[in-house]
Amino acid sequence: MARKSLIQRERKRQKLEQKYHLIRRSLKKEISKTPSLSDKWKIHGKLQSPPRNSAPIRLHRRCFSTGRPRANYRDFGLSGHVLREMVHACLLPGATRSSW
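Residues numbered from 1 in each chain as written. Predicted model: local features only at pLDDT ≥ 70, side-chain atom pairs only at ≥ 80, totals over all residues. Heavy atoms only, no water.

Note the following rule: UniProt positions are given in the numbering used here, feature names are shortened, and annotations may be inferred rather than shown by experiment.
Under UniProt, the protein chain has the name Small ribosomal subunit protein uS14c and belongs to Amborella trichopoda. Under the UniProt heading Subunit, the note attached to the protein chain is "Part of the 30S ribosomal subunit."

## Comments concerning the layout of surface pockets
Selection criterion: Using a 1 Å grid laid over the protein atoms alone, points where a 1.4 Å probe fits but cannot get out form a cavity; open sets with protein on both sides within 12 Å along at least 5 of 7 lines form a pocket; any residue with an atom within 4 Å of a point counts as lining. Grid points are joined across faces, edges and corners, and a volume is the space filled by probe spheres set on the points. Basically, the charged four are Asp, Glu, Lys and Arg, the nonpolar ten are Ala, Val, Leu, Ile, Met, Phe, Trp, Tyr, Cys and Pro, and anything else, Gly included, counts as polar. An automatic or database domain assignment provides the domain bounds reported here. Only DSSP runs of H or I with at least four residues qualify as helices, and only runs of E with at least two residues qualify as strands; both kinds are numbered from the N terminus onward.
Roughly 220 Å³ of volume is contained in the largest pocket. Lining of the largest pocket is provided by Ile7, Glu10, Arg11, Gln14, His60, Arg61, Arg62, Cys63, Phe64 and Gly67. Here the lining of the largest pocket is composed, by residue class, of 3 nonpolar, 3 polar and 4 charged. Formed jointly, the lining of the largest pocket draws a minimum of three residues from each of two domains, domain 1 (1-59) and domain 2 (61-99). Taken as a whole, the second largest pocket spans an internal volume of roughly 180 Å³. Around the second largest pocket, the lining is made up of 12 residues, and of these Gly80, Leu83, Arg84, Val87 and Ser98 lie nearest the centre. Among the elements that line the lining of the second largest pocket, the one with the most residues is helix α3 (residues 80-88), at 5 residues.

## Re unusual backbone geometry
Note the cut-off: Throughout this description, buried means an accessible area under 20% of the type-specific maximum (1.4 Å probe, protein chains only), exposed means over 50%, and partly exposed covers the range between.
A positive phi angle is found at Ala71, which is not glycine, with a value near 55°. Positionally, Ala71 belongs in the loop between α2 (37-47) and β1 (72-73). On the basis of relative accessibility, which here comes to 49%, the residue Ala71 falls in the partly exposed class. Backbone geometry places Cys90, a non-glycine residue, at a positive phi of 60°. Assignment of secondary structure puts Cys90 in the segment after α3. For Cys90, a relative accessible area of 65% gives the class exposed.

## Regarding the domain arrangement of the protein chain
Short version of the rule: Contact definition: two residues touch when any of their heavy atoms are within 4.5 Å. Buried area: the accessible surface (1.4 Å probe) lost by two parts on joining, summed over both. One side-chain nitrogen of Lys or Arg within 4 Å of one carboxyl oxygen of Asp or Glu is enough to make a salt bridge. Two N or O atoms count as a polar contact when they lie within 3.5 Å, although within protein this holds only if one can serve as hydrogen donor and the other as acceptor, and sequence-adjacent residues are included solely when both atoms are side-chain atoms.
According to the domain assignment, the protein chain contains domain 1 (1-59) and domain 2 (61-99). Taking only C-alpha atoms into account, the centre of domain 1 sits 30 Å from that of domain 2. Facing 6 residues of domain 1, the contacting portion of domain 2 comprises 5 residues. Summing the contributions of domain 1 and of domain 2, the shared interface buries around 380 Å²; its carbon and sulfur component is 55%. Taken together, the connections running from domain 1 to domain 2 amount to 0 salt bridges. Taken together, the connections running from domain 1 to domain 2 amount to 0 residue pairs in polar contact (both at pLDDT 80 or more). Residue classes in the side of domain 1 that touches domain 2 are distributed as 5 nonpolar, no polar and 1 charged.

As structure tokens, then:
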């Protein structure tokens, strides 16, 4: 189980990313439309003004049940070992189990 503070920090980053998403998208469109390099630099400076944690690259997927940050499967939202336990317990329909 991940520490609660790390999970809360990740949720805070998600909220910030949602808050500044439209601003970032509009500034990126402006950069692609402007032909002059000096205007692109000005818009790029505006793009750097929002908080760092609002950038989507800073988001990290976590396991839905344990909060583990590594080995996550996008389709299920679970980490590998939790996914394997659930498949062995027949809790995920359509998933085939394997043992090695």
